[in-house]
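Secondary and tertiary structure notes
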Amino acid sequence: MKINAYTALSTIDLVNAKAEAKKASSKGVTAAEPVSIDSTGKAAQIMQKYDLHNISYSEVTSMAMELQKAGAIPGGNLLDYLPPPEGQFKMQNGTLVSDNHGKGDFIKALDDHLTYVEKNQASDFSTLFQVRRMVNFYHNLDSLGSGRHA
Amino acid sequence: MMFKKTVVFGSLLLLSGFSNADNSGRNVQEKIIVDMGAPSAKLQAKQMRELPRPTAEVHPMAPAPALTYLQVAYVGSSNIGWEGVSGFQTSTAADHGGTQLRIVTEELGYGSIPVATWNGGVVSSAKNYQTDTICVNWAGTGYDIPCLAGQTVVGFRKYWNFDGYQSGSFTYQNTSTNSPGNTMNDSMLVK
């Protein structure tokens, strides 16, 4: 899986990056992306609270909004990284409504989605791009939260 | 005595020759079957072309089902996230805003003349930036969005991009690919 540099920094990298940014600042040099460094740290903090392998959709929404406020959503484009409910649906009063109750493995659902699109919609480049970008993002977030149980 | 080849069938060469006269004076042909080994690849290919396929292997595809459902399903914005809207709503409940404004439509059946408008003007199909599939779930009790491997696609979820707007009026319609050629539509006022 391709790792997005924006959110792929480990905690150690983050400390080093902050030190480099401070050193650069003291020399009168503007650090490349100090905001992304800070936001990555905030994202790592936020991700300590969430387990993407056991999470409800409402929790995914809350998490994405927190990440948005922390400036950790690339470009601030929340809807590129927060899908509407997916999974099981039922027809209720003439409307398709989500039938997902409780928690599930969000990462696996995203992986399954990408696998399906790659196999069956490979010529739909726009959809493929959108889904692949989202999957990469959440894998990176998952790696940030991987120290949660340590 | 005549010696003539009559037919080649499979790996056998059937010869009919050695015409002899029987007791009544009629000519009688002795048939000799000679094993010629496996048929050539060229011959096999020709036979495969000429012989009809076993009917048990023919699976004619059913025509794409007509549209039976079309709805605006979600409206999303940077400030609110995604708001699910029911089939009875004509406007959003939330006050949307922010840099992004997206709309999701869902349709069951196959349509081939999609038309979307925003504030009265027909929008480019490029506004439909993502399409997910809808399938009947394995239990047959509901739907999976997106489909899982091996399922049959029965509908589509389409994502529309109206970034830069804070509000507006959206309509979407589509017409069944096959009979009865019905058109379904829905609209949503985004506040």
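All of the points below concern the structure found in this document. Given the structure is predicted, the values throughout are model-derived calculations rather than measurements. (Residues numbered from 1 in each chain as written. Chains lettered and ligands numbered in written order. Predicted model: local features only at pLDDT ≥ 70, side-chain atom pairs only at ≥ 80, totals over all residues. Heavy atoms only, no water.)

Notes on the environment of A:Gly145
Residues and elements named next belong to chain A.
- The residue Gly-145 is located in the segment after helix H6 (125–144) in this model.
- Here Gly-145 falls in the buried class, since its relative accessible area comes to 1%.
- A C-alpha to C-alpha distance of 7.9 Å links Gly-145 and Lys-49, two positions 96 residues apart in sequence.
- Contact partners of Gly-145, with chain neighbours within four places excluded, come to Met-47 and Gln-48. (Helix = DSSP H or I, 4+ residues; strand = E, 2+ residues; numbered from the N terminus. Buried < 20%, exposed > 50% of the residue type's maximum accessible area, 1.4 Å probe, protein only. Contact = heavy atoms within 4.5 Å.)

Some details on the side chain of B:Asp132
- For B:Asp132, the position within the fold is in strand E9 (residues 128–136).
- Nearest to the buried, unbridged B:Asp132 among oppositely charged side chains is B:Arg157, at 5.0 Å.
- Here the side chain of B:Asp132 touches A:His113 through a polar contact of 3.0 Å, side chain to side chain.
- Of note is the side chain of B:Asp132, whose polar atom sits 3.3 Å from the side chain of B:Gln130.
- Among residues more than four places away in sequence, those in contact with B:Asp132 are A:Glu86, A:His113, A:Thr127, B:Pro146, B:Gly155, B:Phe156, B:Arg157 and B:Tyr159. (Lys, Arg positive; Asp, Glu negative; His and termini not counted. Salt bridge = Lys/Arg side-chain N within 4 Å of Asp/Glu carboxyl O. Polar contact = N/O pair within 3.5 Å; in protein donor to acceptor, adjacent residues only side chain to side chain.)

Remarks on the pairing of strand E12 (residues 168–175) of chain B
Residues and elements named next belong to chain B.
- Across 4 bridges, strand E7 (residues 115–118) lies against E12 in antiparallel orientation. By the bridge assignment for E12, Ala-116 is matched with Tyr-172.
- Direction of pairing for E12 relative to strand E13 (residues 183–190): antiparallel, over a ladder of 8 bridges. Bridge pairing in E13 places Gln-173 opposite Asn-185. (Pairing = 2+ DSSP bridges.)

In short, geometric facts, not functional conclusions.
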